[in-house]
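Residues per chain are reported as follows:
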Amino acid sequence: MTIFVLNGPNLNLLGSREQDVYGAGTLGDLEDLCTNRAQALGHDVDFRQTNYEGELVDWLQEARTSADGVVLNAAAFTHYSIAVRDAIVACERPVIEVHLSNIFGREDFRSHSMISAVCAGVICGLGYRGYQAAIDALASMLASGSSS
Ligand code: CA2
């Protein structure tokens, strides 16, 4: 099975600054971790990052035909994008929302997610481990044929 791991704006900067919030690893390190985890479970990962809302919407639409499940860190789009929310619903695949940081322990505006209600689950505050946990959960959901 194929799992899309989709990352939103500014996550290409991982490792270059704000290491106290997001960790010291780079986006490349995160891709390696996701790929290795999925391979160990017998799945493929298609790992992508974009700074553009429309491109993320395009990828979620693509997931409907090309992915079995999605791990999504929509970054700042999480907090205001109705377009991303609608694309999650339209993709008809289980989507797990992930954040590296604990969005509930930061500025008030980060505590609200436009997308949580339409995702299969939410993981935040666990750093890179959150992506690993999301891949594990998706693999288990796909194997059992359930979306929860
Ligand atoms: O904690 C997360 O994963 C976030 O999705 C990251 C987003 C933020 O807007 C969300 O509230 C929470 C920001 C990603 C920016 O990443 C950077 C990485 C290094 C340096 C600067 C930004």
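Residues numbered from 1 in each chain as written. Predicted model: local features only at pLDDT ≥ 70, side-chain atom pairs only at ≥ 80, totals over all residues. Heavy atoms only, no water.

1. Structural notes on the packing of helix α2 (residues 27–40) against helix α5 (residues 128–144)
In contact at an axis separation of 10 Å, α2 and α5 are set at 25° when each is read in the N-to-C sense. With respect to α5, the element α2 is oriented roughly parallel. Where α2 crosses over α5, the handedness of that crossing is right-handed. On α5, the residues touching Asp29, Leu30, Leu33, Cys34, Arg37 and Ala38 of α2 are Tyr128, Tyr131, Gln132, Ile135 and Asp136. (Axes fitted to C-alpha atoms, helices over the stretch in contact; angles between N-to-C directions. Helix = DSSP H or I, 4+ residues; strand = E, 2+ residues; numbered from the N terminus. Parallel < 35°, antiparallel > 145°, perpendicular 65-115°, else oblique. Left-handed = near helix turned anticlockwise from the far one by under 90°. Contact = heavy atoms within 4.5 Å.)

2. A look at the layout of surface pockets
Taken as a whole, the largest pocket encloses approximately 390 Å³ of empty space. Looking at the largest pocket, it is lined by 19 residues, and the ones nearest its centre are Pro9, Asn10, Leu11, Tyr22 and Ala75. Of the residues in the lining of the largest pocket, the class split is 9 nonpolar, 6 polar and 4 charged. (1 Å grid on protein atoms, 1.4 Å probe; cavity = no way out; pocket = protein on both sides within 12 Å on 5 of 7 lines; lining within 4 Å. Points joined across faces, edges and corners; volume = space filled by probe spheres on them. Nonpolar A, V, L, I, M, F, W, Y, C, P; charged D, E, K, R; others polar.)

3. With respect to the site of the ligand
Around the ligand, a shell composed of 17 residues is seen, among which Asn73, His79, Leu100, Ser101 and Arg110 lie nearest. Within the contact set of the ligand, an oxygen atom lies 2.8 Å away from a side-chain nitrogen or oxygen of Arg110. Of the pockets mapped on this structure, the ligand occupies the largest pocket. Looking at the shell around the ligand residue by residue, the classes come out as 9 nonpolar, 5 polar and 3 charged. (Near = heavy atom within 4 Å. Polar contact = N/O pair within 3.5 Å; in protein donor to acceptor, adjacent residues only side chain to side chain. Sits in = over half its atoms within 2 Å of the grid points.)

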